[in-house]
Amino acid sequence: MASQLPPSPPTPTTISCLGDDLLCEIFLRLPALPSLVRAAFACRAFRCVIRSSPAFRRSFRALHAPPLLTFFLEPDFEVAPAFPCRWRSCDPYLDEADFFDVYLSRHGDANATGWEIQYPARSCHGYFILDKVSRSNNTYYNPLTHVSGSTSAYYNPLSQALYLDLGYIDLHFYTLSSEDSQAPPRVVCFIYVCEGWACPAVFSSDTMEWQIFPRIWLHMLGDAMTGRVMRGLIWWPNGMFDQIGVLDTATFHFSLIDVPKPLMTERDDVTYKLGETKDGKLCLVDIKDDKLVSYFLTADDDSVIKRWMLYKEFPLHPIVKNFTVCSMDEEECHVRVQVVAVIDGFVYLSIMCCKDTHCCELYLSLCLETSEMSELFKDAYRDNLQVHPYVMAWPPSLLQSKEESETEFTGEDSVADDGSVGTEKASSVLVAALDSLREDLMDDGGITKEIYAAVDASLHPDADRDDINKYVVAKLDAFLRTNEDGDGSLLSKITSFDAQLITARGRILRISA
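All of the points below concern the structure found in this document. The structure displayed is predicted, hence computed values, not measured ones.

### Considerations on the sheet that holds strand S15 (residues 228-230)
The strand order S15-S16-S17-S18 describes an open sheet built from four strands, whose pairing is antiparallel. Looking at the sheet topology across the chains shown, the edges are occupied by S15 and strand S18 (253-258). Across the sheet, the axes of successive neighbouring strands diverge by a mean angle of 25°, strand direction being ignored. Here three bridges tie S15 to strand S16 (residues 233-236), and the two strands are oriented antiparallel to one another. Of the residues in S16, the one forming a bridge with Arg228 is Trp235.

Given below as structure tokens:
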């Protein structure tokens, strides 16, 4: 009887045997974006699958909470890590880290030059207040008021927004990124005149040039620094009394949306927060009568008229009782609950409670869709003015542009030891836009002519236009001037802030692995 040959051994399964669809299904089950980043750089095949699929990115975002890494607390931008406390032991001094050198101000130093964070009022609405310090006189004479004034700039490192007050006009810069990498990042600059109109100009990182658009009505009574970019739109909560201002950066059409009547208050008493639901609807969340109330903006059937719909309400009493040692019904307990932010359908809350001699603060997340609540951070109470969440953007190294074919996987794209992701650079498109504006200023370029026109429009007919224009140009030059060594300029300060934010993100990512 002939002997039978043993069966052939099964072909070993390797990573290359997994198809793209199966890999995407596996990656969708990862807990959060930081975990996905690490998986993407494990091998070239993983990275290519993630980079080449916009549909995967949409699905991943729909299934996961926003990648909130930390809260920055004003005025000193202290860190409150937004992850479970069991990881705190990996970096116990994280919440004491001074990532932005807030405590290293050189005000009063006779040898100091450049831009420094103002002391003691360091920040406002998420913007660092920057003063120019110099061995020489850094004030500028105002020919209309016959007084001298100092030079201050306001920069938000979380949104890469900048505000410059030139006395007669304001310049507002907003950075717009393209998350699907199908369009180059842009900077929108508003040359704003208090009479209610503004001239928008757009700087494209693709052409490296400014494009001037016709003037628009942009009447803002609220604080202009509360503007927020969402999906190509710029929103100003309470831009005009009980209305929200919104600008479409594709058409530059400005409109006003009424606030829901139950949330209408005096202009200085606004407490609601503006955000989006998971499916991209505009959402408002506020605290009224000891309840957390949420509204979303919807359009009637066969109508373009939009109206606010009450979505959900959450009583605060059980929330406070479940997460703290305090009760809102006890007279000896002092409790303060505030809405911090609304991001992609998640509401972030801060609770400060004091009972006897014990005071603490904690931060919670609430999913509007599922009503699930989670504790993010709890610690001793710190006297902070405002809280600003930092959400990790989709890393540029995991985006593939329309011009780009599949690129080689190199060591430069790996996750570095300091936790930085990919080949992302600290310098921003905002710095390039400001540098271009500086060159236009020297050559009397197109955007400079619009600045002159805005100044003229803000003046009384009998005003000395030549002197005032010289004053405005001198002040703008002080903002944009580059030192001989490149250090100490406003542009270098912004670049430094961007690099420091990347360092902070890397440190948080490293301990949250």
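The structure having been displayed, the exposition proceeds.
### Brief notes about the pattern of salt bridges
As enumerated under the stated definition, the model contains five salt bridges in all. Taking the shortest distance from any N to any O, the salt bridge between Glu313 and Lys291 comes out at 3.4 Å. Here Glu313, found in strand S22 (residues 306-315), pairs with Lys291, found in strand S21 (residues 291-299); they are 22 residues apart in sequence, far enough to count as distant. Residue Glu313 is classed as partly exposed on the basis of its relative accessible area, which comes to 40%. The exposure class assigned to Lys291 is partly exposed, which follows from its relative accessible area of 30%. Between Glu330 and Lys355 there is a salt bridge, with its nearest N and O atoms 3.5 Å apart. In this pair, Glu330 is assigned in the loop between helix H5 (316-323) and strand S23 (333-343) and Lys355 in strand S24 (residues 346-355), connecting sequence segments 25 residues apart. Owing to a relative accessible area of 26%, Glu330 belongs among the partly exposed residues under this scheme.

### Details of helix H2 (residues 33-40)
Across the eight residues that make up H2, a large majority, six, are buried. Where H2 is concerned, the buried positions are Leu33, Pro34, Leu36, Val37, Ala39 and Ala40.

### Description of helix H7 (residues 446-458)
Taking 1.5 Å per residue, 13 residues should reach 18 Å; H7 reaches 19 Å between its end C-alpha atoms and fits that length. The set of residues buried in H7 consists of Ile447, Thr448, Ile451, Ala454, Val455 and Ser458. Buried residues along H7 cover an arc of 115° about the axis, so they all sit on one side. Buried positions along H7 lie against strand S10 (170-176), strand S11 (186-192), strand S12 (197-204), strand S13 (209-212), helix H6 (429-443) and helix H8 (465-480).

### Quick look at the state of the cysteines
Under the definition given, this model contains one disulfide. In this model Cys354 forms its disulfide with Cys359; the gap between the sulfur atoms is 2.3 Å. Between Cys354 and Cys359, the S-S dihedral sits near 120°, and the bridge is therefore right-handed. The exposure class assigned to Cys354 is buried, which follows from its relative accessible area of 16%. Cys359 sits in the partly exposed class, given a relative accessible area of 30%. With no disulfide of its own, Cys326 has Cys353 as its nearest cysteine by sulfur position, at a separation of 3.7 Å. There is no disulfide at Cys333, and the cysteine sulfur nearest it, in Cys326, is 3.9 Å away.

Definitions and cut-offs
Residues numbered from 1 in each chain as written. Predicted model: local features only at pLDDT ≥ 70, side-chain atom pairs only at ≥ 80, totals over all residues. Heavy atoms only, no water. Pairing = 2+ DSSP bridges. Helix = DSSP H or I, 4+ residues; strand = E, 2+ residues; numbered from the N terminus. Axes fitted to C-alpha atoms, helices over the stretch in contact; angles between N-to-C directions. Salt bridge = Lys/Arg side-chain N within 4 Å of Asp/Glu carboxyl O. Buried < 20%, exposed > 50% of the residue type's maximum accessible area, 1.4 Å probe, protein only. Expected span 1.5 Å × (residues − 1). Arc of directions from axis to C-beta. Contact = heavy atoms within 4.5 Å. Disulfide = S-S within 2.5 Å.

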